[in-house]
Amino acid sequence: MKKIILTGDRPTGRLHIGHYVGSLKKRVELQNSGNYDEIYIEIADAQALTDNADNPEKIRQNVIEIVLDYLACGIDPSKTNIFVQSAVPELTELTFYYLNLVTVSRLERNPTVKDEIKLRGFQTSIPAGFLIYPVSQAADITAFKATTVPVGEDQLPMIEQTKEIVKSFNNTYGNTLVKPEALLPENETCSRLPGLDGNAKMSKSLGNCIYLSDSKEVIEKKIMSMFTDPTHLKISDPGHTENNPVFTYLDAFCKDEHFTKYLPEYKNLDELKDHYRKGGLGDMKIKRFLNDVMQDTIGPIREKRNYWEKHIPEVYQIIKEGTNKARQKAIQTTNEVKAAMGINYFEDENWIKEQQEKFNQE
Ligand code: ATP
Ligand code: MG
């Protein structure tokens, strides 16, 4: 069986460091591993409209922004097809068929959707399209026969839902769809990076982000005003490293070589944490270190982004070609789906013959 990757992002804003450690970094590694036969990255604009119907301009403005982030992080269009969801209408068609295999109560139980409904204040009036977006994600994943979906933890319920749909479809209509597996980052912290405010997850819609495209100055300012441990008032006070986003970000980003380079009095993060817990280590010092680590990580990404920002017509060509290729694959799968369901009337010559024979026998 072919090994195929599908992932994507909603063009609701530029990509942030949560995307980078949660999914983007892995995508680049997998892309360059040479172990995959096909790789697709979807710009999920139709999905983004399910909770931004009143602001399509926001989506329109962010499509190119996130492609720039992909290219900046090392996504290589000669190996990976970047495509735009709404330009592949077969995905909507598949969603419509899959919806019949899912109950409303099952959709209402999805924990990520539940959280997002609360965050977006949709409790009293949930847009129907928003409630069913996990089914549209199942369409996205299965249209490409994806075996592997590198995602952050918030996407696990979506992969579960997809597996259920695949099982139900294959049982009802015959073996057609491929069951995908989620691929989470090895480092647990990376699968759900918290926001700068220390609450919830870092999320474009919440504005609690360090963006991959932020300038050096903006990153420094954001880090220096970060929430830390509220009980650590004086330098001599013992501090907490859990639920302290400065340490969480260090968990996600810093390597031992960063200590050699910027903080040689400590060997590694464990030593730094021990000192903080004992007391005697100030927040400013760890924030300055975190800033060095982040600048080291984001600097090269920003540089590549600057290059692509000056080559927008090429970027346009990349997504146009990627979308064409993705569409061919989605058409192929949709044809198979319709054949399995027996609703491929105009491709199935037997259908009309059978209809005539039925009347001849009467
Ligand atoms: P939105 O607020 O519009 O939903 P988002 O920040 O949640 O935006 P998505 O486009 O929904 O971003 O997510 C794209 C991918 O990035 C998914 O695989 C998701 O799991 C991953 N991801 C998003 N936020 C984080 C995070 N804070 N930590 C780790 N992974 C994340
Ligand atoms: Mg999201």
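Residues numbered from 1 in each chain as written. Chains lettered and ligands numbered in written order. Predicted model: local features only at pLDDT ≥ 70, side-chain atom pairs only at ≥ 80, totals over all residues. Heavy atoms only, no water.

Lining the immediate environment of ligand 1, one finds 22 residues, of which Thr 12, Asp 154, Lys 201, Ser 203 and Ser 205 sit closest. At a separation of 3.0 Å, an oxygen atom of ligand 1 approaches a polar side-chain atom of His 16. Protein contact buries 97% of the 600 Å² of open area that ligand 1 shows by itself. Elements represented by at least two residues in the shell around ligand 1 include exactly strand 1 (4-9) and helix 1 (17-33). In terms of residue count, helix 1 provides more of the shell around ligand 1 than any other element does, 3 residues in total. Taken together, the residues of the shell around ligand 1 sort by class into 4 nonpolar, 11 polar and 7 charged. (Near = heavy atom within 4 Å. Polar contact = N/O pair within 3.5 Å; in protein donor to acceptor, adjacent residues only side chain to side chain. Areas by Shrake-Rupley, 256 points an atom, 1.4 Å probe, with all protein chains shown as cover. Helix = DSSP H or I, 4+ residues; strand = E, 2+ residues; numbered from the N terminus. Nonpolar A, V, L, I, M, F, W, Y, C, P; charged D, E, K, R; others polar.)

What follows is about the packing of aromatic side chains. Applying the stated criterion across every chain, the model contains 12 aromatic pairs. Here Tyr 98 and Phe 169 contribute two aromatic rings whose centre-to-centre distance is 6.1 Å and whose plane-to-plane angle is 70°, an arrangement assigned as edge-to-face. On the criterion of sequence distance, the pair formed by Tyr 98 in helix 4 (residues 90-98) and Phe 169 in helix 9 (residues 156-173) is long-range, its members being 71 residues apart. Look at Tyr 98 and you get buried, because its relative accessible area is 0%. Plain terms: the ring middles of Tyr 307 and Trp 308 are 5.2 Å apart, the flat faces sit at 85° to each other, and that makes the pair edge-to-face. (Phe/Tyr/Trp six-rings, centres within 6.5 Å; stacked < 30°, edge-to-face > 60°. Buried < 20%, exposed > 50% of the residue type's maximum accessible area, 1.4 Å probe, protein only.)

Each assigned domain of the chain is listed here: domain 1 (4-192 + 312-354) and domain 2 (216-308). Computed from C-alpha coordinates alone, the two centres of domain 1 and domain 2 are separated by 34 Å. Taken together, the contact pairs 18 residues of domain 1 with 13 residues of domain 2. For the pairing of domain 1 and domain 2, the buried interface totals around 1,300 Å² over both sides, and the portion due to carbon and sulfur atoms is 67%. (Domains from an automatic or database assignment. Contact = heavy atoms within 4.5 Å. Buried area = accessible area lost by both parts, 1.4 Å probe.)

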